[in-house]
Amino acid sequence: METVFNEIQHSVKNWWTSLLLGIVYIIVALWLMFSPVSTYVALSIIFSVSMLISGILEIIFAFSNRKGVPSWGWYIVGGLIDLVLGIYLIAYPMVSMEVIPFIIAFWLMFRGFSSTGYSIDLKRYGTRDWGWYMAFGILAILCSLLILWQPAIGALYAVYMISFTFLIIGLFRVMLSFELKNLHKRK
């Protein structure tokens, strides 16, 4: 399977979409951490909107790099998953409040595995800090497993676990955006 890092011969277009996405995740994570009691009710809306934005930005990235990135189709798949989940959760907020820990856990697991894949590709291209990217991916996977293991522990636990995991994914996306911006300079 080829990825965004295979055969990059010029700078990646719209690298800033990953930066914006990371900033959105970090802002959402901080908001969740500092207002946990009122958060769970609003969590389904916030999460739904962030999933929708994530899907749109991922699709923009994929289409703008379809000629230079051999694996652009995988980015479309990830973007479509986020887009469909975001639309569904916006349409049915009560359902999303009941199942949101499971949806988030599986979504974070998918993102965690894709993050570890990106880190392996970064290692192949000689990025010094590829281990940090791997660590963020593994942390996202571990957080998703914790959410799956104990979903009934309560809304507060879910809010803090979700906020911590959003922070991890946000930091990963910010770091990845700058690697994408500078990757072509290493060739």
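To be clear, the structure that these remarks concern was listed above.
The structure displayed is predicted, hence computed values, not measured ones.

Undergrad: Can you help me understand the overall build of the protein in this one?
TA: Summing up its helical and strand segments, the protein has 6 helices and 0 strands in all. The 187 residues of the protein split such that 48% are buried. Expressed as a percentage of contacts within the protein between residues at least 6 apart in sequence, the contacts between residues at least 24 apart total 81%.

Undergrad: Would you explain the side chain of T165 in this entry?
TA: As for its position among the elements, T165 is in helix α6 (residues 155-182). Exposure remark for T165: the relative accessible area of 0% places this residue in the buried category. Aside from chain neighbours lying at most four places away, what touches T165 is L108, A140 and C143.

Undergrad: I'm lost on the nonpolar core in this one. Help?
TA: Soluble globular proteins tend to bury their nonpolar side chains together. Among the nonpolar cores identified, the biggest contains 38 residues, and F47, I104, W107, I147, I162, F166 and L176 are the most heavily contacted of them. Among the secondary structure elements, those contributing two or more residues to this core are α1 (16-34), α2 (36-64), α3 (72-91), α4 (93-124), α5 (130-149) and α6. Dropping the residues within four chain positions of it, F47 is found in contact with L89, I100, I103, I104, W107 and F166.

Undergrad: How should the environment of Y40 be read in this particular structure?
TA: In this fold, Y40 is placed in helix α2. With 119 residues separating them in the primary sequence, Y40 and V159 have C-alpha atoms 6.5 Å apart.

Undergrad: Would you mind going over the environment of A29 with me for this structure?
TA: If you trace the backbone, A29 turns up in helix α1. Each C-alpha atom, one on A29 and one on I169, is 9.7 Å from the other, the two residues being 140 residues apart in sequence. Excluding its chain neighbours within four sequence positions, the residues that come into contact with A29 are S163, F166 and L167.

Undergrad: Would you mind showing me how to read the packing of α4 against α5 here?
TA: For any two helices packed against each other, one specifies the crossing angle of their axes together with the interaxial distance. Two numbers describe how α4 lies on α5: the axes approach to 7 Å, and their chain directions differ by 160°. Here α4 is positioned roughly antiparallel relative to α5, judged by the angle of their axes. In this structure, α4 meets α5 at a crossing whose hand is left-handed. In terms of residue class, the contact of α4 with α5 is made up of 19 nonpolar, 6 polar and 1 charged.

Undergrad: What am I meant to see in the pattern of salt bridges here?
TA: Two side chains bearing opposite charge may form a pair once their charged atoms approach each other closely. One pass over the structure, following the stated rule, counts 4 salt bridges. Between E58 and R173 there is a salt bridge, with its nearest N and O atoms 3.7 Å apart. Taken together, the residues span a long stretch of sequence, with E58 in helix α2 and R173 in helix α6 at a distance of 115 residues. When its relative accessible area of 3% is taken as the criterion, E58 is described as buried. Of the residues examined, R173 reaches a relative accessible area of 9% and is grouped as buried. Linking D121 and R124 is a salt bridge whose minimum nitrogen-to-oxygen distance equals 3.1 Å. Of this pair, D121 and R124 both sit in helix α4, 3 residues apart, roughly one helical turn. Look at R124 and you get exposed, because its relative accessible area is 57%. Counted as one network, the salt bridges with shared partners bring together E58, D82, R111 and R173.

Calculation rules
Residues numbered from 1 in each chain as written. Predicted model: local features only at pLDDT ≥ 70, side-chain atom pairs only at ≥ 80, totals over all residues. Heavy atoms only, no water. Helix = DSSP H or I, 4+ residues; strand = E, 2+ residues; numbered from the N terminus. Buried < 20%, exposed > 50% of the residue type's maximum accessible area, 1.4 Å probe, protein only. Contact = heavy atoms within 4.5 Å. Core = buried A, V, L, I, M, F, W, Y, C linked by side-chain atoms within 4.5 Å. Axes fitted to C-alpha atoms, helices over the stretch in contact; angles between N-to-C directions. Parallel < 35°, antiparallel > 145°, perpendicular 65-115°, else oblique. Left-handed = near helix turned anticlockwise from the far one by under 90°. Nonpolar A, V, L, I, M, F, W, Y, C, P; charged D, E, K, R; others polar. Salt bridge = Lys/Arg side-chain N within 4 Å of Asp/Glu carboxyl O.

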